[in-house]
Amino acid sequence: MSDYVNPEVLVSTDWVAEHLNDPKVRLVESDEDILLYEMGHIANAVKINWQDDLNDLQIRDYIDGDDFAALLSRFGISNDTTIVFYGDKNNWWACYAYWVFQLLGHEKLKIMNGGRKKWIDEGRELTRVVPTFEPTSYVVGEPKPEIRAFRDDVLAHIGRPNPRQTAIELPTGHSLVDVRSPDEYTGKKLHMPEYPQEGAVRGGHIPGAVNVPWAKAVNDDGTFKSADEIRQLYGDVGVTPESDTVVYCRIGERSSLTWFVLHELLGYKNVRNYDGSWTEWGNVVGLPIHNPTTSK
């Protein structure tokens, strides 16, 4: 992992096994399948339910600072606690939680390379014992809004084209990466593969976006590819350390993994995750899209 610019944001399964009882470390499991934790988890890991714990149930946004402090206090997390995330789906929801925690101001964050899959594949133990910890008095740190993009930010990023203008060139130095499947990108499908209930009204992609599916940055065992492989993967579509880059998917979960490999592993400073993503963009009246199957 030494070829990454920031190798310290990753830890191995061996490292986790050695720190299971470290009071300065808190393991956090964050899965797409929110029932997996109850079926068995790493000892002393707590569960983050991405639907209920991180999202404001009244508006489509994240919890505020008070709720974030209450959540971390409940898990016995202090400001100086090192939080290590892991989960299913090659860590895409772990990366999502990592991104939200950084957005909301926690400093010491890491990902267990390989996630839940690697831990299980190595024959390591799981438990159904849910740990409890003494509550803390967590104080919210400095938020990092610069790692998030909103709809208007993306419009500015692509040069605010005419809504009927589908073929555009991005402003110099700007990159826009759609990390969804090729069928979603082209508009052939209105939803993720095997998720037909989650489609948008329109199919296609944001004009000017290139398609690099998120999983191309991950090995078969769930670990991240090498820094050279990741640089090549995104460099081939014009994403460089100097690029002003926005990444998106459907709701920001897959793109958080792409944000993680670019911003955290490779140290690219100007990378933002557009968590409104296609759920917002594909449903909003007046926003331009490019759909090769319908464009004239």
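Presented here is an overview of the structure given in this document. A quick note: this is a predicted structure, and the numbers were derived from the prediction, not measured.

So, the pattern of salt bridges
Phase 1 of the analysis: Across all of its chains, the model carries 19 salt bridges by this definition.
Phase 2 of the analysis: The partner of lysine 117 in a salt bridge is aspartate 121, and the shortest N-O contact between them spans 2.9 Å. Of the two residues, lysine 117 and aspartate 121 are both situated in helix α5 (residues 115-121); the distance of 4 residues between them amounts to about one turn of the helix.
Phase 3 of the analysis: The closest approach of N and O atoms between arginine 151 and glutamate 280, which form a salt bridge, is 4.0 Å. Of this pair, arginine 151 sits in helix α6 (residues 151-157) while glutamate 280 sits in helix α10 (residues 277-281), and the two are 129 residues apart along the sequence.
Phase 4 of the analysis: Among the residues examined, arginine 151 registers a relative accessible area of 30% and is labelled partly exposed.
Phase 5 of the analysis: Where salt bridges share partners, they join Asp14, Lys118, Glu122 and Arg124 into one cluster.

Observations regarding the sheet that holds strand β3 (residues 45-47)
Phase 1 of the analysis: The 5 strands lie next to each other as β1-β5-β4-β2-β3, forming an open sheet whose pairing is parallel. The open sheet is flanked by β1 (10-11) and β3, the only strands paired with a single partner.
Phase 2 of the analysis: Both β1 and strand β5 (residues 109-112) contribute to a ladder of 2 bridges, which runs parallel. Counted as the bridge partner of leucine 10 is isoleucine 111 from β5.

Focus on the packing of aromatic side chains
Phase 1 of the analysis: Taken as a whole and judged by the stated rule, the model has 13 aromatic pairs.
Phase 2 of the analysis: Ring geometry for phenylalanine 68 against tyrosine 138: centres 5.9 Å apart, planes inclined by 90°, an arrangement best described as edge-to-face. On the criterion of sequence distance, the pair formed by phenylalanine 68 in helix α3 (residues 65-74) and tyrosine 138 in the loop between α5 and α6 is long-range, its members being 70 residues apart.
Phase 3 of the analysis: Since its relative accessible area comes to 7%, tyrosine 138 is described here as buried.
Phase 4 of the analysis: Cluster of aromatic residues (ring-pair linked, three or more members): Phe68, Phe85, Tyr98, Phe101, Tyr138, Phe224, Trp259 and Phe260.
Phase 5 of the analysis: A cation over an aromatic ring shows up here: arginine 74 above the ring of phenylalanine 75, its NZ or CZ 4.8 Å from the ring centre.
Phase 6 of the analysis: Taking NZ or CZ as reference, arginine 124 lies 5.2 Å from the ring centre of tryptophan 119, over its face.

Comments concerning helix α9 (residues 253-265)
Phase 1 of the analysis: Spanning 13 residues, α9 covers 17 Å between terminal C-alpha atoms, matching the ideal 18 Å at 1.5 Å per step.
Phase 2 of the analysis: Of all the bends found along α9, the most pronounced is centred on tryptophan 259 and spans about 25°.
Phase 3 of the analysis: Note on α9: the residue one or two positions beyond its end, glycine 267, has a positive phi of about 75°.

Each value, and the rule that gives it
- Residues numbered from 1 in each chain as written.
- Predicted model: local features only at pLDDT ≥ 70, side-chain atom pairs only at ≥ 80, totals over all residues.
- Heavy atoms only, no water.
- Salt bridge = Lys/Arg side-chain N within 4 Å of Asp/Glu carboxyl O.
- Helix = DSSP H or I, 4+ residues; strand = E, 2+ residues; numbered from the N terminus.
- Buried < 20%, exposed > 50% of the residue type's maximum accessible area, 1.4 Å probe, protein only.
- Pairing = 2+ DSSP bridges.
- Phe/Tyr/Trp six-rings, centres within 6.5 Å; stacked < 30°, edge-to-face > 60°.
- Lys NZ or Arg CZ within 6 Å of the ring centre and 35° of its normal.
- Expected span 1.5 Å × (residues − 1).
- Bend = angle between axes of the 7 residues up to and from the residue.

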